[in-house]
Amino acid sequence: MIEFRMNRLSPLSPKYQTIKRHVLRALLWCGLLVVLFIGCWQGLTAYSKFSLSLADLIPLLTQHNGSYPASINTQLLIEIRMPRVLVAILVGANLAVAGLLMQVITRNSLASPAVLGINSGAACVVALSSIGLGVAFLTSTFLQAMVGAVLSCALVAGLAGYFSGRSVHPVRLILSGVAINALLIGITRAALITTDEQAYGVLYWLAGSIANSRWESIPVLAITSILALGYGWWLSPKLNVLVLGDDVASSLGVNLRALQWSCGALITILTAVSVAVAGPIAFVGLIIPHVAKRLLKQVSNMAYEQLLPLSVLLGSILMVWADVLSRAVAYPAETPVGLLTALIGTPVFIALACRRRLDG
Amino acid sequence: MNQRPRLSIILPLFVIALIIIGGGIFIVNQKNKAAASPLSNSAGNDTSQTAITKPSVNNGVRLLTDQQIKERLPNLEKYSNNPKRIVVMENSFLGDVLALGLKPVGIADDDKPDSIITEFTQQISDYTSIGSRYQPSLEAIADLKPDLIIADEERHTVIAEELSRIAPSVVLKSRGESYVENIQTAQLVGHIVHQDQKMSQVINVHLQTMRGLRSQLAKTRLASQNVQFAIVSDKGMWLHGPSSYAGSLLSYLNIQSPIPKQMDVAYIATSLEQLLAADPDWLLIGRYNDHTLYDEWKSSPLFNQLTAVKKNQVIEVDPTYWALNRSMQSAEHMATELLQIAKRKGGESASMSSELSN
């Protein structure tokens, strides 16, 4: 009987291959979750003048009388480190999925949310507000970045012809993005030149940082992210069809225009809310989809139902670890996390580009 | 096939190596720089070079010797003996020129006359703005037909050649300078306008005043406590470290810093956690915006853990004195302000500069 089963599960048999892929997939997910968990642990406790440990959270579990924990370490973990790690997880997930969707709708593996001018739009309004040219009701950097991101995205979409009622060629979208990006960057620079002392603060924000994350920004970020990511996952079957080409997708009953609009809206929401909280953070949306695809190719078929959650996980891991490293680089001073994602992202992207070129 | 792994591994490794080497060189340079000018009594920009003559120390400030001044400004003959139309491209030079009784015709005031301290505006009745310090208008400067232009090393070195075509110009350190470097720059300004003797007298009077204020401060509670100045805006908080102008002035006044080891960076971007780690006894804040990140921190329970908050020792000061107008005049104002702060009783109003200006 055993011999019979062994024969059936020979390395060449389809069932053996299926089981192997299942095991590999489970190992991949478990491994990545462990990496994320270690990253969160380090994010909560590492590189502090205070000797923080997870044990400092125990009083929270044991105290049930509602009184606030007296220990400064416990307060630091709750008030500063926890929101920071949560922001890193959510922003990483958002940017990764926004990048993935951008690459699907433009069918360009070098596309990222930055193509829609979201980062430069947010930066432009923030810089203009710092020289007193902002709109009066945009009192906080969050609002300024949010409005800038949405407006620039609408501008790119308008220029690309999204509002004309006809189907839009992906290249037109990319070219519009390049043009609007150049315009917005020019305005931002002009604003920065005139700010002088304020320019330092704006430049620091432009580098992207989550060092000053606070609980107040978590509800908006979390609710928006969960809803948008959930909707993105719900769209996955249609995305699977979309990658086969417009004609095939249309013949299979996919409303291309509605799907493009949905994806565009999702990219805008995910990126805008992330930029508003953390500033423009580069490379996450560009490299994570590539890494996710490569990993998934080894263990499963390339279905967006799996690709999207894997991008969420990888994006979170990258941001959480980049944040840990941003504290380590020039400890005790902080380095903006955006610089770290760029430093990590550049060699990874070059490696991916090399492999792709050689594969091709 | 064999090329695949090689290229895809070697190229990223090469980039990583470049980043690490570049970062290493940067860190080593920063450390060397910090080691070369670590204390408030350093001899200026070129202290790492051998001092030819023994520098004179006046009230704890190491001044430049005549020889060092001549070495740094060798071609004095190209500058007018009695300049009448001076353009200053930084507020710190404005203080030096006014101290000699000269009135500049052009000032880079960022088109914000309010950013100039009262001590200066009282002496300048009429001047032309030449735009921002970061991006001054060369046409506006040329239009003024100056006979001397004094520019900032950090901001204006790139346009030094253009400036020298307009008029005899000199590039001196201003942005990022320490208190002692500011006085040494005043010596150089005095030399360039051929008024070394007068500037020397001005500096002596200033240092006498500062010595008096320092000895008064030594008798106050500030002598045994640490004080930190920080700039706050809606984007964040920046501590002015021991190597900054405000930080080095506090050090000159024998007031301790809560972050004495952070010498390499003048302005340190700070989170609430880092502020808690520094935990200054006194926190002096200069606002750049009405609504700042600091105001948001106030709602955090951690904020109340700060010693300065517990003791009601968070004081708002005027950033135009503490950050934007580095000069002997602002140094005296800051020291006087510290004396006022030291005499305050707990619970008093927490805004100082406006009271002093009035």
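Okay, so let's go over this structure. The model shown is predicted, which means the values in this text are computed figures rather than measured ones.

Reading the values: the criteria
Residues numbered from 1 in each chain as written. Chains lettered and ligands numbered in written order. Predicted model: local features only at pLDDT ≥ 70, side-chain atom pairs only at ≥ 80, totals over all residues. Heavy atoms only, no water. Helix = DSSP H or I, 4+ residues; strand = E, 2+ residues; numbered from the N terminus. Buried < 20%, exposed > 50% of the residue type's maximum accessible area, 1.4 Å probe, protein only. Contact = heavy atoms within 4.5 Å. Areas by Shrake-Rupley, 256 points an atom, 1.4 Å probe, with all protein chains shown as cover. Polar contact = N/O pair within 3.5 Å; in protein donor to acceptor, adjacent residues only side chain to side chain. Expected span 1.5 Å × (residues − 1). Arc of directions from axis to C-beta. Axes fitted to C-alpha atoms, helices over the stretch in contact; angles between N-to-C directions. Parallel < 35°, antiparallel > 145°, perpendicular 65-115°, else oblique. Nonpolar A, V, L, I, M, F, W, Y, C, P; charged D, E, K, R; others polar. Disulfide = S-S within 2.5 Å. Buried area = accessible area lost by both parts, 1.4 Å probe. Salt bridge = Lys/Arg side-chain N within 4 Å of Asp/Glu carboxyl O.

**As for the overall build of chain B**
Reasoning step 1: The helix and strand inventory of chain B stands at 16 helices and 12 strands.
Reasoning step 2: Looking at chain B as a whole, 53% of its 358 residues qualify as buried.
Reasoning step 3: Sequence-distant contacts, at least 24 apart, represent 66% of the contacts inside chain B between residues at least 6 apart.
Reasoning step 4: When the accessible surface of chain B is summed, it comes to about 15,800 Å², and 52% of that surface belongs to carbon and sulfur atoms.

**Describing the side chain of B:Ser169**
All names here are of chain B.
Reasoning step 1: Position of Ser169 relative to the elements: it lies in strand E7 (residues 169-172).
Reasoning step 2: What makes Ser169 buried here is its relative accessible area of 11%.
Reasoning step 3: A polar contact is formed between the side chain of Ser169 and the backbone nitrogen of Ser164, at a distance of 3.4 Å.
Reasoning step 4: Once you skip the residues sitting within four places of it in the chain, Ser169 turns out to touch Tyr79, Ile149, Ala160, Leu163 and Ser164.

**Observations regarding the side chain of A:Ser326**
Residue and element names in this part refer to chain A.
Reasoning step 1: Mapped onto the elements, Ser326 comes out in helix H14 (residues 304-329).
Reasoning step 2: By relative accessible area, which is 1% here, Ser326 ends up buried.
Reasoning step 3: Those residues in contact with Ser326, other than ones at most four positions away along the chain, are Arg84, Ala333, Glu334, Thr335, Pro336, Val337 and Leu340.

**Observations concerning helix H9 (residues 218-234) of chain A**
All names here are of chain A.
Reasoning step 1: Taking 1.5 Å of rise per residue, the 17 residues of H9 would be expected to cover 24 Å, and the 24 Å separating its terminal C-alpha atoms lies within 8% of that figure.
Reasoning step 2: Taken residue by residue, H9 has Ile218, Leu221, Ala222, Ser225, Ala228, Leu229 and Gly232 as its buried positions. Projected down its long axis, H9 carries its buried residues within an arc of 150°, all on one side. Seen from the buried face of H9, the exposed residues on the opposite side, beyond 90 degrees, are Ile223, Ile226, Leu227 and Trp234.

**Quick word on the packing of H9(A) against H14(A)**
Residues and elements named next belong to chain A.
Reasoning step 1: Relative to each other, H9 and H14 sit at 155°, their axes nearing to 9 Å. Considering their axes alone, H9 and H14 lie roughly antiparallel with respect to each other. Judged by residue contacts, Leu229, Gly232 and Trp233 of H9 engage Glu305, Leu308, Pro309 and Val312 from H14.
Reasoning step 2: Grouping the amino acids of the contact of H9 with H14 by side-chain chemistry returns five nonpolar, one polar and one charged.

**Topic: the state of the cysteines**
Reasoning step 1: Throughout the structure, instances matching the rule amount to zero disulfides over all chains.
Reasoning step 2: The thiol of A:Cys40 is not disulfide-bonded; the next cysteine sulfur, from A:Cys30, is found 16 Å away.

**Section: the interface of chain A and chain B**
Reasoning step 1: Tallying the contact residues gives 41 residues for chain A and 42 residues for chain B.
Reasoning step 2: Counting the surface lost from both chain A and chain B, the interface buries some 3,700 Å², and carbon and sulfur atoms represent 60% of this.
Reasoning step 3: Summed over the shared surface of chain A and chain B, the number is one salt bridge.
Reasoning step 4: Put simply, B:Glu273 and A:Arg81 hold a salt bridge, and the shortest N to O gap is 2.6 Å.
Reasoning step 5: If you look at where chain A meets chain B, you find four residue pairs in polar contact (both at pLDDT 80 or more).
Reasoning step 6: For the side of chain A that touches chain B, the elements supplying multiple residues, two or more each, are helix H4 (72-106), helix H8 (197-207) and helix H15 (337-359) of chain A.
Reasoning step 7: By residue number, the principal contributor to the side of chain A that touches chain B is H15(A), which donates 10 residues.
Reasoning step 8: Considering only residue class, the side of chain A that touches chain B consists of 23 nonpolar, seven polar and 11 charged.

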